[in-house]
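Chain residues, written in single-letter form:
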Amino acid sequence: MSQSVQDRIDHDVKADDVVLFMKGTPTFPQCGFSSAVVQVLSHMAVPFKAYDVLSDAELRDGIKVYSDWPTIPQLYVKGEFIGGCDIVREMFSSGELATLFEEKGVTQTA
């Protein structure tokens, strides 16, 4: 894994408040897990930046190394790795995700 990919990922996770590395795009997710996280974020009206790992093999491999997490999607809030689909869904269901966004100062658009 090249350092430039790790540097790019580090920059990307810190450049926006909410960042999602996913398969596909928010308007055309390419897996059910990515789609589920997009649905949660959209339902909560939280603006986010998405990166399609299917369009960039270095990114797809690099994000797994960066987070030390083997699966996609991966959600970051204010530069902090939150987790994948199951974790995001559980946090949403329990209200913990809304609390996290509030504590981190992430504003909902609706």
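Above this text is the structure in question.
Every value quoted in this text rests on a predicted model; they were computed, and no experiment measured them. (Residues numbered from 1 in each chain as written. Predicted model: local features only at pLDDT ≥ 70, side-chain atom pairs only at ≥ 80, totals over all residues. Heavy atoms only, no water.)

**Details of the pairing of strand S1 (residues 18–22)**
Put simply, the rule reads: The buried label goes to any residue with under 20% of its type's maximum accessible area, the exposed label to any with over 50%, and the partly exposed label to all in between, with areas taken from a 1.4 Å probe on protein chains only. Under the DSSP-based scheme used, a helix requires at least four consecutive residues in state H or I and a strand at least two consecutive residues in state E, with every element numbered from the N terminus. The pairing criterion is simple: DSSP has to find at least two bridges between the two strands.
Across the five residues of S1, five count as buried, placing the element largely inside the fold. Residues Val18, Leu20 and Met22 line one face of S1 and the alternating positions Val19 and Phe21 line the opposite face, and both faces are buried. As judged from the four bridges shared by S1 and strand S5 (residues 74–77), these two strands associate in the antiparallel manner. Each bridged residue has a counterpart across the sheet, and for Val19 the counterpart in S5 is Tyr76. Relative to strand S4 (residues 49–52), S1 runs parallel, the two being bridged by four bridges. The residue of S4 that forms the bridge with Met22 is Asp52.

**Focus: the nonpolar core**
Our working definition: Buried residues of nine kinds, namely Ala, Val, Leu, Ile, Met, Phe, Trp, Tyr and Cys, make up a nonpolar core once their side-chain atoms join them within 4.5 Å. Throughout, a residue-residue contact means that at least one pair of heavy atoms, one from each residue, lies within 4.5 Å.
Grouped together as the largest cluster of nonpolar side chains are 20 residues, with contacts concentrated most on Val18, Leu20, Leu41, Leu75, Val77, Leu97 and Phe101. Put simply, the parts of the chain that give this core at least two residues each are S1, helix H2 (32–43), S5, helix H4 (85–94) and helix H5 (96–104). Looking at this core element by element, the count peaks at five residues for H2. Every residue in contact with Leu20, bar those within four places of it in the chain, is listed here: Val37, Val38, Leu41, Phe48, Lys49, Ala50, Tyr51, Pro73, Gln74 and Leu75.

**As for the packing of aromatic side chains**
Basically, it comes down to this: Ring pairs shown here join Phe, Tyr and Trp side chains whose ring centres sit within 6.5 Å, with only the six-membered ring taken for Trp; geometry is labelled stacked below 30 degrees between planes, edge-to-face above 60, and tilted in between.
Within this structure, the stated rule accounts for five aromatic pairs. Look at Tyr66 and Tyr76: their rings are 6.1 Å apart centre to centre, the planes differ by 55°, and that puts the pair in the tilted class. One end of the pair, Tyr66, is in helix H3 (residues 57–67); the other, Tyr76, is in strand S5, with 10 residues separating them in the sequence. The class of Tyr76 is buried, set by a relative accessible area of 1%. With a centroid separation of 5.2 Å and an interplanar angle of 50°, the aromatic rings of Tyr76 and Phe81 are classed as tilted. Members of the aromatic cluster, connected to one another through ring pairs, are Phe21, Tyr51, Tyr66, Trp69, Tyr76 and Phe81.

**Remarks on the packing of H2 against H4**
Worth spelling out the cut-off: The convention used is that axes are lines fitted to C-alpha atoms, helices contributing only their stretch in contact, and that angles between N-to-C directions extend from 0 to 180 degrees. If an angle is under 35 degrees, it is roughly parallel; if it is over 145, roughly antiparallel; if it lies from 65 to 115, roughly perpendicular; otherwise it is oblique. Crossings are assigned a handedness: left-handed for a near helix turned anticlockwise from the far helix by less than a right angle, right-handed for a clockwise turn.
The geometry of H2 relative to H4 is characterised by a closest axis approach of 9 Å and an angle of 30° between their N-to-C directions. In terms of their interaxial angle, H2 and H4 are classed as roughly parallel. Both H2 and H4 take part in a crossing whose hand is left-handed. Across the interface between the two elements, Phe33, Ala36, Val37, Val40 and His43 of H2 pack against Cys85, Val88, Arg89 and Phe92 of H4.

**A short note on the sheet that holds S4**
Strands sit in the order S4-S1-S5-S6 across an open sheet of four strands; the sheet is mixed. With one partner strand each, in any of the chains shown, S4 and strand S6 (80–83) form the two edges of the open sheet. On average, each strand axis in the sheet is tilted by 25° relative to the strand beside it, whichever way the strands run. In this fold H3 packs onto S1, S4, S5 and S6, with an angle of close to 60° to the strand it touches most, S5.

Read these as spatial facts, not as claims about activity.
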